[in-house]
Amino acid sequence: MDPKLPTRPLLSHLFFVSILLLTIFHPRADSQGEYCRHPARPVVITPHNRSDSEPQQVHISLAGRDHIRVSWITEDKKVQSVVEYGTAPGKYDAVATGKHTSYQYFFYRSGKIHHVRLGPLKPETTYYYRCGGHGSEFSFKTPPSTFPIEFAVVGDLGQTEWTKSTLEHVAATDYDVFLLPGDLSYADSQQPLWDSFGRLVEPYADGRPWMTTEGNHEEESFPIIYPHGFTAYNSRWVMPYEESGSPSNLYYSFDVAGAHVVMLASYAEFEPGSPQYKWLEADLARVDRRITPWLVALLHAPWYNTNLAHQGEGESMRVAMEELLFKARVDVVFAGHVHAYERFTRIFDDEGNACGPVYVTIGDGGNREGLALSFKSPSSPLSLFREPSFGHGRLRIFNGTHAHWTWHRNDDSQSTMADEVWLGSLVSSRNCMRDSGDDGLQVQPSASSKDEL
Ligand SMILES: *[C@@H]1O[C@H](CO)[C@@H](O)[C@H](O)[C@H]1NC(C)=O
Ligand SMILES: *[C@@H]1O[C@H](CO)[C@@H](O)[C@H](O)[C@H]1NC(C)=O
Ligand SMILES: [Fe+2]
């Protein structure tokens, strides 16, 4: 019999009381304007129903060339941070040892959080693995080393019934890597909700790398006691910042197949001279477009946005960093924060520009705050498609020149493709590559078309 059982009813009682209070009084960290929202669906709590030594909240992430990081949590502090793995079920011919951490947040104490880096691994290969020597077997597939590659992109996920349908829709078609531009659990300081979120996403995140960057809901700072914030996020969702030369888990980059993906921080300093700015400048300078012809960036608070929600919140970051991305010829920028879908043409400095990135807002994962229903009227000619519905996006890169972007709306339990566009890489544009560099602003005027950009 589990000796901890007698304490469980009290703890879970406290937990549900706190959820109730939270539902009534939760801080509307995300609500600014007076726009009206489509009904959110209830938060789902995913209970802990395994033994204390078994892994829970298992998720994987890319961790430098040919490596994967496996992260999981155990209540039992004696479980070792080891992962046994191999390419056949039940047959583990490799073992990796990693690190562990834990944190405290007011009266909450996390379990033992394990992070173990596996590799080198073969591309496009299924690996079977067991965490800490306990519990059942998991498996993941490594991404391919060459095109094609497919990314699933969803922001502002939360943990509601809408979140569940979004995740089911994402998983219904195969993909290689999951990209999340911020706002994960909506725990908003209620730490058990981070655990519940970890358990909700485990069936998806244990099999494909989940690459995240932080949103405002990850911050959870508190004056004097937790002034820097991001305690839970940085402890649980370790990303390959060390592997990409970044000083902070809040921003980093990685290469996968022929894409270089830059994950930026809307909630760390970004002004010229700041650590993030210097890191980004150096990171972009290292990109070799012959190896990674596609360059993609993600951040939380959108730089372009015609929704009435969160107007202007990404503006100071845009002013600080847009030119770096433009000169590097970034192909696409994905943002979250606004709970709706919006796709723009190629832009630089508030004007259509054939050598600028395509901007997409994809903060429509399904969190408890509901949708941002109201858009500016009239719209901007730069905004090509906008809709306040929950859903997810997919970027399928076919080769060095062609990619297909699709957006899939949640029509209740159905997933419906509602927007699509073919993208041509900027490296394949002779005009844009010739003009990149210091005098790179002399570029062709935008030739924006609905069907191909
Ligand atoms: C444990 O929880 C998961 C997720 O909620 C559920 O699918 C599973 O059936 C549960 N298992 C048991 C033994 O209750
Ligand atoms: C790249 O992929 C697109 C879409 O499948 C195809 O039309 C095009 O011919 C491909 N280009 C090359 C060079 O293979
Ligand atoms: Fe947000």
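Residues numbered from 1 in each chain as written. Chains lettered and ligands numbered in written order. Predicted model: local features only at pLDDT ≥ 70, side-chain atom pairs only at ≥ 80, totals over all residues.

The protein goes by Purple acid phosphatase in an unreviewed UniProt entry, where it is assigned to Trapa natans. Quoted verbatim from the Sequence similarities (unreviewed entry) heading of the UniProt record, the comment on the protein is "Belongs to the metallophosphoesterase superfamily. Purple acid phosphatase family." (UniProt positions renumbered as here; feature names shortened; annotations may be inferred.)

Colleague: Can you lay out the site of ligand 2 for me, pointing to particular residues and giving the numbers?
Modeller: Close to ligand 2 lie Phe398, Asn399, Thr401 and His402, which account for all nearby residues. For the shell around ligand 2, a count of residues per class yields 1 nonpolar, 3 polar and no charged. (Near = placed C-beta within 6 Å. Nonpolar A, V, L, I, M, F, W, Y, C, P; charged D, E, K, R; others polar.)

Colleague: I'd like to hear about the sheet that holds strand 10 (residues 138-141), residue by residue, with values.
Modeller: Ordered by their spatial adjacency, 4 strands build an open sheet running 4-3-9-10, and the pairing between neighbours is antiparallel. Sheet topology places strand 4 (94-97) and strand 10 at the edges, where each strand pairs with a single neighbour. Each strand axis lies, on average, 30° off the axis of its neighbour in the sheet, ignoring direction. Strand direction decides the pairing type here: strand 3 (residues 82-86) and strand 9 (residues 126-131), joined by 4 bridges, are antiparallel. When the sheet's bridge partners are listed, Gly86 is paired in strand 9 with Tyr128. (Pairing = 2+ DSSP bridges. Helix = DSSP H or I, 4+ residues; strand = E, 2+ residues; numbered from the N terminus. Axes fitted to C-alpha atoms, helices over the stretch in contact; angles between N-to-C directions.)

Colleague: Kindly report on the sheet that holds strand 13 (residues 210-212), identifying the contributing residues and their values.
Modeller: Either a parallel or an antiparallel arrangement is found when strands of a sheet pair, and the pairing is made through backbone hydrogen bonds. Pairing is mixed across the open sheet formed by 6 strands, whose spatial order is 13-12-11-22-23-24. Since the sheet does not close on itself, it has two edges, and those belong to strand 13 and strand 24 (414-424), each with one partner. Across the sheet, the mean angle separating the axes of adjacent strands is 20° when strand polarity is ignored. Alignment of strand 23 (residues 402-411) against strand 24, held across 10 bridges, turns out to be antiparallel. For Trp405, the partnering residue across the bridge sits in strand 24 and is Val421. Contacts from helix 2 (residues 161-171) reach strand 11 (149-153), strand 22 (391-397), strand 23 and strand 24 within the one sheet, and its direction differs from that of strand 23 by about 140°. (Contact = placed C-beta atoms within 7 Å.)

Colleague: So what about the pairing of strand 10? Which residues, and what values?
Modeller: Residue alternation in strand 10 divides its side chains into a buried set, Phe138 and Phe140, and an unburied set, Ser139 and Lys141. Both strand 9 and strand 10 contribute to a ladder of 4 bridges, which runs antiparallel. Looking at strand 10, one finds that Tyr129 is bridged to Phe138. Counting the residues between successive antiparallel strands, the hairpin from strand 9 to strand 10 contains 6 residues, one of them, Gly132, with a positive phi of roughly 65°. (Buried ≥ 20, exposed ≤ 12 C-beta atoms within 10 Å, placed from the backbone.)

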